[in-house]
Amino acid sequence: MTKAAPQKTVITCHANADFDALASMIAVSKLYPDAVLVFPGTQESSLKDYFIQSAIYLFNFKTMKDINPQEVELLVVVDTRQRSRLSHVEPLFELPKLEIHLYDHHPATDGALVASVDIFRPWGATTSIIIERLREESLTVTPDEATIMGLGIFEDTGGFTFNSTTEHDFAAAGWLRTMGMDLDVIRDIMSRELSTEQVAILSELIDSATTHTINGVDIVIAEVILDAYVGDFALLTHKLMDMENIRVLFAIGHMGDRIQLVARSKVQEVDVGVVCSSFGGGGHIYAASASIKDRTISQVKDELFALLYSLINPQMVVRDFMSAPVVRIKAAQSVAQAAEVMVRYGLKALPVVEYGDQVCGIIENSVAEKAVGHGLGAERVTEYMLEDFLFVTEEQDLYQVMEIILGHRQRLVPVLREQELVGVITRTDLINLMVQEPARIPDSLLSDRRQEKNIRQLLLERLPKDIIALLQLAGRTGQELGVEVYAVGGFVRDMLLGNPNDDIDLVVEGDGVLFAQDLGRKLGARVRPHLKFRTAVLILPGGQKIDVATARLEYYEYPAALPIVELSSLKMDLYRRDFSINTLAIHICPPHFGRLVDFFGGQQDLKDGVIRVLHSLSFVEDPTRIIRAIRFEQRFQFKIGGQTERLIKNAVRLNIFQKLSGARIRHELRLLTEDSAPLDALIRMRDLSLLQEIHPLLSFPQTKEALLEEIEKIITWYKLLFREQSPDIWIVYFLGLVSGFDAQQVRALTTRLQFAPKRIELVESTRRQLRYVAMQLAQWEKNKGKPADLHEILSPLSLEGLLYTMAKQRKPGQKKAVSHYLTHLQDVGIQVTGADIKDMGLEPGPHFASILRAVKRAVLNGEVRTRDEQMGYARRMGRSLQGGNPAPKAVS
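Residues numbered from 1 in each chain as written. Predicted model: local features only at pLDDT ≥ 70, side-chain atom pairs only at ≥ 80, totals over all residues. Heavy atoms only, no water.

Draft legend 1. The arrangement of the sheet that holds strand β6 (residues 99–104) in detail. Across the sheet, 5 strands lie side by side as β3-β2-β5-β6-β7; this open sheet has parallel pairing. Lying at the two open borders of the sheet, with one neighbouring strand each, are β3 (36–38) and β7 (117–120). Ignoring which end each strand starts from, the neighbouring axes of this sheet average 20° apart. Sheet analysis places strand β5 (residues 74–78) next to β6, joined by 5 bridges and oriented parallel. From the neighbouring strand, Leu75 faces β6, where its bridge partner is Ile100. The sheet contacts of helix α1 (residues 19–28) involve β2 (9–12), β3, β5 and β6, and relative to β5 the element is tilted by about 140°. (Pairing = 2+ DSSP bridges. Helix = DSSP H or I, 4+ residues; strand = E, 2+ residues; numbered from the N terminus. Axes fitted to C-alpha atoms, helices over the stretch in contact; angles between N-to-C directions. Contact = heavy atoms within 4.5 Å.)

Dropping the structure here:
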């Protein structure tokens with residue numbers, strides 16, 4: 001691994017960096033010219049623009065892996081003061097003599113860094129603050145730098161429309177204009193944003209708003225998740241009340257490391273000051289707020305409901321409604337024994353206990369029966385129980401139980417007294433209560449837990465007009481045929497996350513093939529039906545594909561088998577999917593166009609950043625879901641849930657991957673390497689022992705991480721060239737994984753992963769060529785060879801081999817040589833043809849190739865450029881072959 005370079009000063013910003021953070025880093029580097037810029041590794045989606053990626057490359061941003069932490073003396077932090085948002089430089093905070101300088105426009109809160117230099121201004125953008133210092137120091141910036149800094153100010157001030165904008169932001173932008181700030185570039189980039197930040201936040205608050213009637217009082221709760229603190233959140237809450245004529249509103253904003261709760265009330269029955277003071281905040285009866293840490297939005301909402309019901313409604317206590325004594329199963333018993341007990345007593349779930357009556361999990365009857373059906377009945381019940389469960393005590397309010405059962409979909413809630421199990425409340429108990437005393441149950445909890453809200457406006461804002469038109473046509477087609485149609489899966493997920501995705505998946509509650517044929521006729525599309533699975537693919541004239549499926553339920557005959565399909569409802573169709581975040585659906589038929597349907601808590605998991613399977617046997621039935629879980633975790637910077645990670649480890653222990661074909665594994669690995677964070681995903685697979693499980697040779701040591709990291713950088717660099725030829729990225733990574741292996745070891749892996757013969761030949765021939773290429777490159781550099789010689793060395797390599805060679809080179813000169821070949825030499829052609837040579841009077845023969853080769857060398861070496869010069873060179877070569885003048889001397 002390359003030794004990290006010593007750096008005394010480091011400049012960085014917060015995770016999920018926006019334009020202002022990036023611009024502030026570049027601006028402040030003018031004040032600290034010898035500093036290294038350390039990028040946090042993640043950025044907002046708008047930063048995935050080629051222009052910004054190029055800026056990161058241009059200004060030579062580094063990661064913490066590139067520097068030696070022990071050499072750092074000064075840390076310069078911009079656009080944040082929260083240590084919790086600087087986890088990428090956490091090792092630096094342990095340095096005893098580290099000095100910190102801060103530049104920020106966010107006010108200090110608990111947990112803020114203590115700095116020797118702390119420049120805070122309550123201005124619209126941090127970039128504006130730093131520009132004031134640049135002007136004081138009489139420093140200048142280049143037009144490119146001015147444009148990037150302008151982007152920072154434009155974004156954080158909403159194009160100078162936010163109330164947080166000050167005269168200093170206008171002054172900073174004016175100065176940048178004199179430095180050459182390119183407004184065309186800024187307009188081009190900013191116009192890709194669908195709305196300003198405040199409008200987007202307000203829109204999400206409106207879409208998320210739900211009304212809960214508590215003792216005759218309508219309470220509206222709205223929520224939004226943001227990457228950073230928003231100073232105008234209270235103003236947005238006030239505007240929402242006015243726009244929707246709301247009487248009581250609680251707005252919950254997840255902002256980085258905290259949750260901001262803003263409450264407004266127009267009725268005396270609800271004292272929001274009392275509510276917010278319970279969260280550590282304050283205010284008065286009509287207006288209050290609180291800043292909450294170390295809790296999720298879901299937890300805050302649970303506490304909020306409990307407070308509201310206790311303030312407005314008579315209390316209902318758990319002790320009065322729980323079932324006792326409790327039927328239970330011991331942790332050491334088997335899944336089959338648990339299934340037998342539940343059948344005997346007619347139960348849907350059992351608490352699992354250990355050490356007497358301490359509850360360690362919950363096993364559901366549906367999971368136990370499936371496990372037995374798969375031949376896993378002898379496994380301990382602890383392997384498939386729900387480990388992350390919620391419980392209550394006897395004195396707690398019953399409404400918290402309602403939220404657990406209906407909100408979190410936990411079928412059984414253990415009741416504990418001093419950690420000992422004394423009772424349970426089940427879904428059946430709750431249903432009985434609803435029947436007996438419906439007036440005491442809040443409307444929000446009586447509804448079908450299929451959570452719905454209309455996001456039509458969000459669709460119109462985030463999707464291109466042609467996609468909206470296509471969805472509307474599909475919806476009308478469904479209405480004409482009398483079937484319900486939904487957009488589902490990754491398309492919905494990515495739209496909610498704000499990520500572009502035009503891969504449309506439709507599910508039809510009816511005959512999906514008939515629907516596809518009708519829609520295909522209207523769109524002029526080709527239709528490819530798959531009658532066995534009742535699916536179809538529409539191929540539009542422009543090449544775009546639309547997948548159509550009949551609502552179906554898949555079941556598996558044995559672990560790792562391909563699915564068998566049965567007709568079912570939308571809910572059952574979504575239940576067969578891999579993770580909760582992929583179970584969201586949008587109704588597209590009139591008059592319900594834009595209604596978001598969520599059966600399995602996918603919205604909450606998207607907001608909490610969690611990858612969660614829907615049932616405990618998910619990975620047993622389809623082990624490839626494990627690789628997809630890791631791919632999604634790294635792509636979205638989410639976290640695999642605790643229960644889901646435990647199920648992964650259990651599947652590995654059962655050797656489930658041994659039942660998978662190599663082709664299916666290779667397909668998933670290909671998708672993983674083509675995703676946004678392949679190296680992190682491969683490391684995660686290794687750390688979970690998945691690579692070892694697929695084949696022991698795949699599990700790479702830490703010493704190989706540097707090569708794989710370089711491959712990731714080179715592929716990212718190549719993508720930014722936007723060349724027509726695309727590499728097989730999986731092959732490049734595979735070459736890295738087998739670096740240092742002998743031919744027999746490589747063949748063992750290609751056999752396990754069922755490589756096609758052509759791919760095996762590509763891998764083996766590339767490995768053979770690389771031995772000679774490395775030596776020839778070294779000799780070329782030593783002799784200061786010419787471009788034509790470099791072309792001759794590298795032209796036999798495939799694109800995959802070239803990228804791997806570039807990543808493999810440790811010497812900058814040789815790496816630069818491969819880069820030069822890819823960007824300048826590879827596509828060089830000549831304007832002389834065989835017909836031209838024939839017209840010179842030469843008889844066709846092998847010398848034609850010699851002449852054309854010589855002309856190309858001359859072009860590569862810059863000896864000739866135009867067609868006339870190339871023709872003249874070819875004539876001289878021809879005359880020399882005919883015994884005339886000597887051939888022109890080629891530069892070697």
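Draft legend 2. Spatial organisation of the sheet that holds strand β19 (residues 420–426). Strand order across the open sheet formed by 3 strands is β17-β18-β19, with mixed pairing between neighbours. Each edge of the open sheet carries a strand with a single partner, namely β17 (392–393) and β19. Both strand β18 (residues 412–417) and β19 contribute to a ladder of 6 bridges, which runs antiparallel. Paired with Pro414 across the strands is Val424, a residue of β19.

Draft legend 3. How the structure looks around the packing of helix α3 (residues 126–136) against helix α4 (residues 143–156). The N-to-C vectors of α3 and α4 enclose an angle of 135°; their axes lie 8 Å apart at closest approach. Comparing their axes, α4 and α3 come out oblique. For the pair α3 and α4, contact is made by Thr127, Ser128 and Ile131 and by Met149, Gly152 and Ile153, respectively. Broken down by class, the residue content of the contact of α3 with α4 amounts to 3 nonpolar, 3 polar and no charged. (Parallel < 35°, antiparallel > 145°, perpendicular 65-115°, else oblique. Nonpolar A, V, L, I, M, F, W, Y, C, P; charged D, E, K, R; others polar.)

Draft legend 4. Broad picture of a positive patch on the surface. Judged by side-chain charge, Lys348, Arg411, Arg427 and Lys571 come together as a positively charged surface patch. Inspection of the secondary structure assignment puts Arg427 in helix α14 (residues 427–436). Residue Arg427 is classed as partly exposed on the basis of its relative accessible area, which comes to 33%. (Patch = residues over 30% accessible without salt bridge, like charges linked within 9 Å, V, L, I, M, F, W, Y side chains within 5 Å. Areas by Shrake-Rupley, 256 points an atom, 1.4 Å probe, with all protein chains shown as cover. Salt bridge = Lys/Arg side-chain N within 4 Å of Asp/Glu carboxyl O. Lys, Arg positive; Asp, Glu negative; His and termini not counted. Charge placed at Lys NZ, Arg CZ, Asp CG, Glu CD. Buried < 20%, exposed > 50% of the residue type's maximum accessible area, 1.4 Å probe, protein only.)

Draft legend 5. The arrangement of the environment of Trp730 in detail. Tracing the backbone shows Trp730 in helix α29 (residues 729–737). Among the residues examined, Trp730 registers a relative accessible area of 1% and is labelled buried. The spacing of Trp730 and Leu672 is 58 residues in sequence and 8.4 Å in space, taken between C-alpha atoms. Once residues lying within four places of it in the same chain are set aside, the contact partners of Trp730 are Arg666, Leu669, Arg670, Thr673, Leu737, Leu753 and Phe755.

Draft legend 6. Local environment of the packing of helix α17 (residues 465–481) against helix α19 (residues 512–523). Running from amino to carboxyl end, α17 crosses α19 at an angle of 130°, the nearest separation of the two axes being 10 Å. Between α17 and α19, the crossing angle belongs to the class labelled oblique. Of the two possible hands of crossing, α17 and α19 adopt the one that is right-handed. Along the contact surface, α17 presents Leu473, Ala474, Thr477, Gly478, Glu480 and Leu481, while α19 presents Leu514, Phe515, Asp518, Leu519, Lys522 and Leu523. Of the residues belonging to the contact of α17 with α19, the class tally is 7 nonpolar, 2 polar and 3 charged. (Left-handed = near helix turned anticlockwise from the far one by under 90°.)

Draft legend 7. Looking closely at the nonpolar core. Judged by nonpolar contacts, the single largest core of 135 residues is most densely connected at Ile363, Tyr384, Leu471, Leu506, Leu794 and Leu822. If we ignore the near neighbours within four places in the chain, the residues touching Ile363 are Ile329, Ala338, Met342, Ala349, Leu350, Val352, Ala368, Val381, Tyr384 and Met385. Phe61, Val76, Val78 and Ala125 belong to the second-largest nonpolar core, a separate cluster that totals 43 residues. (Core = buried A, V, L, I, M, F, W, Y, C linked by side-chain atoms within 4.5 Å.)

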